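Chain by chain, the residues:
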Amino acid sequence: MDPQVSDKHPPCPHCHSKRVIKNGSIHTGKPKYKCKDCNKQFVENPTPQCVPQEKRDIIDKLLLEKISLRGIARSVGVSLSWLQRYVNEKYRQEEWKVEDTGDPEDGVDVFILEADELWSFVNSKENKQWIWLVMNRKTRQILACIVGNRSEQSAQKLWEQLPELALWE
């Protein structure tokens, strides 16, 4: 019999392999297991904990105050990874509106857009990442942002992110 196969450990929920070993425990003391075939970690009979709506409302208010995500996670008592997923989901659901910058006295609605780029590297200087931004010059509202390389495909993705404006029709 394979020494890594044990009947006392649950099978892997991902690949159903029986080659599972004990791999520490989670914060509640429940044992954590690791599959030797797919390398996934799991907990037997996990009990998902939902973040209550009251906490979500507090998080929404703190996000408007521009407090860092780490600060919000510490003060509210949620994990940073959960908070990042929550913020990403809120961002996807948000309907973006371009602020009106026209001068009401002259009756002209003018959107002067400004594009800028900057680069940094990740892990090594050979792995350059470019950040492209398009913003409203008057309000400084960011209208589009993309992280990528300096290719035409990245520029096209940035262009596709720009909101539809009646002025462009």
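Residues numbered from 1 in each chain as written. Predicted model: local features only at pLDDT ≥ 70, side-chain atom pairs only at ≥ 80, totals over all residues. Heavy atoms only, no water.

Describe the packing of helix H1 (residues 53-64) against helix H2 (residues 69-76), naming the residues involved and giving the relevant values.
Relative orientation of the contacting elements H1 and H2 amounts to 150°, with a least axis distance of 11 Å. It follows from the interaxial angle that H1 and H2 lie roughly antiparallel. When the axes of H1 and H2 are compared, the crossing they make is right-handed. Contact residues: Lys55, Ile58, Ile59, Leu62 and Leu63 in H1; Leu69, Ile72, Ser75 and Val76 in H2. Taken together, the residues of the contact of H1 with H2 break down into seven nonpolar, one polar and one charged. (Axes fitted to C-alpha atoms, helices over the stretch in contact; angles between N-to-C directions. Helix = DSSP H or I, 4+ residues; strand = E, 2+ residues; numbered from the N terminus. Parallel < 35°, antiparallel > 145°, perpendicular 65-115°, else oblique. Left-handed = near helix turned anticlockwise from the far one by under 90°. Contact = heavy atoms within 4.5 Å. Nonpolar A, V, L, I, M, F, W, Y, C, P; charged D, E, K, R; others polar.)

Any details on the pairing of strand S6 (residues 142-148)? Residues and values, ideally.
In this structure, strand S5 (residues 124-136) lies alongside S6, joined through six bridges in antiparallel fashion. Counterpart to Leu133 in the pairing with S6 is Cys145. Counted along the chain from S5 to the antiparallel partner S6, the turn is five residues long, and its residue Arg140 has a positive phi close to 65°. (Pairing = 2+ DSSP bridges.)

I'd love a proper account of the sheet that holds S5, names of residues and values included.
Here we have three strands laid out as an open sheet, ordered S4-S5-S6, and antiparallel in their pairing. Where the open sheet ends on each side, the last strands, each with one partner, are strand S4 (113-122) and S6. Strand-to-strand twist of the sheet, defined as the mean angle between neighbouring strand axes without regard to direction, takes the value 15°. Note that S4 and S5 share ten bridges and pair antiparallel. Within S5, the residue paired with Ser120 across the bridge is Gln129.

Limitation: the analysis is restricted to geometry and does not speak to function.
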